[in-house]
Amino acid sequence: MAELAPGLIYLPTYFDRAQQQQLVETLRDIVKEAPLFTPQMPKTGKPFSVRMTNCGSLGWVSDRLGGYRYQAHHPLTGLAWPAIPERILTAWRDLAGYPNLPEACLVNYYAPNARMGLHQDRDELALDAPVLSVSLGDSALFRYGGTQRKDRTKSIRLHSGDVVLIGGASRLIFHGIERVLPGTSTLLADGGRINLTLRRVTLPN
Ligand code: MD6
Ligand code: FE
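Residues numbered from 1 in each chain as written. Chains lettered and ligands numbered in written order. Predicted model: local features only at pLDDT ≥ 70, side-chain atom pairs only at ≥ 80, totals over all residues. Heavy atoms only, no water.

Some words on the sheet that holds strand S7 (residues 116–119)
The strand order across the open sheet built from four strands is S7-S12-S9-S10, with neighbouring strands paired in antiparallel fashion. The open sheet terminates on both sides in strands that have one partner only, identified here as S7 and strand S10 (154–158). Within this sheet the neighbouring strands show an average axis-to-axis angle of 25 degrees, counted without direction. Taken together, the five bridges between strand S9 (residues 140–144) and strand S12 (residues 175–180) define a ladder with antiparallel strand orientation. For Ala-140, the partnering residue across the bridge sits in S12 and is Val-180. (Pairing = 2+ DSSP bridges. Helix = DSSP H or I, 4+ residues; strand = E, 2+ residues; numbered from the N terminus. Axes fitted to C-alpha atoms, helices over the stretch in contact; angles between N-to-C directions.)

Some remarks on the nonpolar core
Membership of the largest hydrophobic core comes to 30 residues, with the highest contact counts inside it found for Ile-88, Val-134, Leu-136, Ile-194 and Leu-196. At the level of secondary structure, the elements contributing two or more residues to this core comprise strand S2 (8–11), helix H1 (17–33), helix H2 (86–95), strand S6 (104–110), strand S8 (131–137), strand S11 (163–166) and strand S13 (193–199). Apart from residues no more than four positions distant in its own chain, Ile-194 is found in contact with Leu-27, Val-107, Asn-108, Tyr-109, Val-134, Ser-135, Leu-136 and Leu-188. Val-50, Trp-81, Leu-158 and Ile-177 belong to the second largest nonpolar core, which has 28 residues in total. (Core = buried A, V, L, I, M, F, W, Y, C linked by side-chain atoms within 4.5 Å. Buried < 20%, exposed > 50% of the residue type's maximum accessible area, 1.4 Å probe, protein only. Contact = heavy atoms within 4.5 Å.)

Details of the coordination of the iron ion (ligand 2)
Protein coordination of the iron ion (ligand 2) is provided by His-119 (NE2), Asp-121 (OD) and His-175 (NE2), with donor distances spanning 2.1 to 2.2 Å. Ordering the donors of the iron ion (ligand 2) by residue number gives the pattern H-x1-D-x53-H. One end of the pair, Asp-121, is in the loop between S7 and S8; the other, His-175, is in strand S12, with 54 residues separating them in the sequence. (Donors = N, O, S within 2.8 Å, 3.2 Å for Na, K, Ca; no water.)

What about the site of ligand 1?
Around ligand 1 sit Tyr-110, His-119, Asp-121, Val-131, Ser-133, Phe-142, Ile-166, His-175, Ile-177, Arg-193, Asn-195 and Thr-197, and those are all the residues in its vicinity. Within the contact set of ligand 1, an oxygen atom lies 2.4 Å away from a side-chain nitrogen or oxygen of Tyr-110. At 3.1 Å, a side-chain N or O of His-119 approaches an oxygen atom of ligand 1. In isolation ligand 1 exposes 340 Å². Once the protein is present, 99% of that is buried. (Near = heavy atom within 4 Å. Polar contact = N/O pair within 3.5 Å; in protein donor to acceptor, adjacent residues only side chain to side chain. Areas by Shrake-Rupley, 256 points an atom, 1.4 Å probe, with all protein chains shown as cover.)

What about the sheet that holds S13?
Pairing in this open sheet of seven strands is antiparallel, and the strands run S1-S2-S11-S8-S13-S6-S3 from one edge to the other. Strands with a single pairing partner mark the edges of an open sheet, and in this sheet they are strand S1 (2–5) and strand S3 (51–56). Within the sheet, the average angular offset between the axes of one strand and its neighbour, ignoring direction, is 20 degrees. Pairing geometry for S8 and S13, over six bridges, is antiparallel. The partner of Leu-136 across the bridge, within S13, is Ile-194. Running at roughly 100 degrees to S8, H1 makes contact with S3, S6, S8 and S13 of the sheet.

What follows is the structure, encoded as structure tokens:
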């Protein structure tokens, strides 16, 4: 375990290989029920290079007209999102230090050329809860800075099975995925990378 900055916790190989394989199996069922979709940037409608789906009572979506938001149903099927896998909820209970369960588990799929620009996660009301991220498949360069876009950044490699928690003083840091490193994992038969992020969205009453 390493604290990369106050509240930014890195847990290498939190999930072992067998657990990673089980998670991928579970995700295959989730994607059957809630297919990957391509989000769009607010206003411009520019497509993300990452494809996404969600599980949980709320899912993160974005399109040109509606912008970034959480909603209870899949944007294409209109169905409620599938449940968050129990093994992922266990990780939250063990690591998040938060009294309530997460409502959203965003599933990002990166094809070998996909990336994610520097951003803050701030569409949640519960900013006192951390965001817990799980990496599966090919390794990737994760870039992170401070709470201002202009702040100096560093990058680390995230590998399959690694967990990162962004919380406390780091909850609103800028971060992104610079690039995926193709051929660095055998977990996904067709390559690429999956990232799961667990979030508490609403304020518990
Ligand atoms: C990714 N992760 O690893 C992108 N957000 O593919 C994120 O955007 C992220 O890793 C919030 C907290 C942790 C993260
Ligand atoms: Fe993020």
